[in-house]
Amino acid sequence: MDTIEILNQIINDGINNNASDIHIEPKKDLLQIRYRIDGILQNDTKIEKEMHLPLISRIKILVNLDIADSRLPQDGRTNHGNVDLRVSTLPTLFGEKAVLRILKRNQTLLSLNDLGMLTEELEKYKNLINKKTGIILVSGPTGSGKTTTLYATLKELDARQNNIVTIEDPVEYVFENITQIHVNNKTGLTFAKGLRSILRQDPDIIFIGEIRDLETAQIAIQAALTGHLVLATIHTQDAISSICRLIDMGIKNYLVSATLLGTISQRLLRKKEGGRIGIFEVFNLKDEVREIINKKYSKANIRSAAKFTSLHQNAEKYIANGVVEKKEVFRVLGDGNA
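Residues numbered from 1 in each chain as written. Predicted model: local features only at pLDDT ≥ 70, side-chain atom pairs only at ≥ 80, totals over all residues. Heavy atoms only, no water.

Undergrad: I would appreciate a short explanation of the overall build of the protein chain in the present structure.
TA: Secondary structure assignment for the protein chain yields 12 helices and 13 strands. Its C-alpha radius of gyration of 21 Å places the protein chain within 12% of the 20 Å reference for a compact globule of 338 residues. In terms of principal-axis extent, the alpha carbons of the protein chain reach across some 65 × 50 × 40 Å. Taken across its 338 residues, the protein chain has 49% of its residues classed as buried. A separation threshold of at least 6 residues defines the contact pool for the protein chain, and within that pool the share at least 24 residues apart is 58%. Looking at charge distribution, the protein chain has the averaged site of its 45 positive side-chain charges lying 4 Å from that of its 41 negative ones. (Helix = DSSP H or I, 4+ residues; strand = E, 2+ residues; numbered from the N terminus. Rg over C-alpha atoms; globule rule 2.2 N^0.38 Å. Buried < 20%, exposed > 50% of the residue type's maximum accessible area, 1.4 Å probe, protein only. Contact = heavy atoms within 4.5 Å. Lys, Arg positive; Asp, Glu negative; His and termini not counted. Charge placed at Lys NZ, Arg CZ, Asp CG, Glu CD.)

Undergrad: Would you explain the nonpolar core in this entry?
TA: Most often, soluble globular proteins keep nonpolar side chains buried together rather than apart. Ile-135, Leu-137, Ile-208, Ile-211, Ile-243, Phe-283 and Ile-302 are the most contacted members of the largest nonpolar core, which has 40 residues in total. Core analysis: the next-biggest nonpolar cluster, separate from the first, contains 28 residues, Leu-112, Leu-115, Ile-136 and Ile-205 among them. (Core = buried A, V, L, I, M, F, W, Y, C linked by side-chain atoms within 4.5 Å.)

Undergrad: Explanation requested: the environment of Val-282 in the structure shown.
TA: By the element assignment, Val-282 lies in strand β13 (residues 276-284). The spatial distance from the C-alpha of Val-282 to the C-alpha of Glu-120 is 8.9 Å, given a sequence separation of 162 residues. Setting aside its immediate chain neighbours within four residues, Val-282 contacts Glu-121, Lys-124, Tyr-125, Leu-128, Thr-263, Ile-264 and Phe-308.

Undergrad: What should I look at first to understand the packing of aromatic side chains in this one?
TA: Within a pair of aromatic rings, the relevant descriptors are the distance that separates the centres and the angle that separates the planes. This structure, assessed with the given rule, holds five aromatic pairs. With a centroid separation of 5.4 Å and 75 degrees between ring planes, the pair formed by Tyr-151 and Phe-175 is classed as edge-to-face. Separated by 24 residues along the polypeptide, Tyr-151 in helix α4 (residues 146-156) and Phe-175 in the loop between β8 (164-168) and β9 (179-182) bring together distant segments of the chain. Ring-pair connections join several aromatic residues into one group, and the members of that group are Tyr-151, Tyr-173, Phe-175 and Phe-207. (Phe/Tyr/Trp six-rings, centres within 6.5 Å; stacked < 30°, edge-to-face > 60°.)

Right, here's the structure in full:
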């Protein structure tokens, strides 16, 4: 097979096996292909090292990257049939590595009831998203299902009576009645710049793909203060850490307590029967916690006043019900007190 056929085969294998990512990794004497399936890298395939440069060059051509530059990381996007591919290249000891993220455009969106939230968490979360103004943060590491949760949330909200606007990097699913913006740093369309324009578009609900910096956080706070419901992801390890992250970014304590409705943290666990299920902790901010943020702020003080079921505690319920194995919980969450 030629280079094009080999790359197509690699991508098609990933799609057919429901992989989320394809890793094309150069080693000293060979090229290793691995697929992330249900959160685990597997299907280790090895091909001749001579195919490394032709494959990387072909990938770069597909996503309009500089094939002459192998010294700096690059990223881009393309499509392959009915899927979108987000591509990242990285210089390594033995040559450039490429990772292809597979985004299925026509996949069926999950509903909130299908995410894996237990009854208490689901009720608390639905109470949060029924608010008309404020900020809701969903946290967790890369690949923990944050975007899936927020897409399910957008599906739940009424787009016919609300002007819902999203700014994402990238747009992973197209909604019929929602205005969606794709971040493009090369043209200067950043999260912050896009958000300023969104606020002039008479929005009711704003979805921010990720709060990464102070400027984006400040605009999100301003949007909440002026009567909008803001949904966003943020990279923290647990629900309480999301509060601390905003303050560490430079948001004033009183603004956090005034605008933040609640925070959610989540992970994905492999089920015994195959596939994955989400586990969640949902933290609704009460007056006692808002008072601590304003006057006695520390993570320890917030944790002592917080009343919610933790990730570990909810994972223990799944273990008890035979849904997941204990070793899987340890793999994802590490040790913890349930």
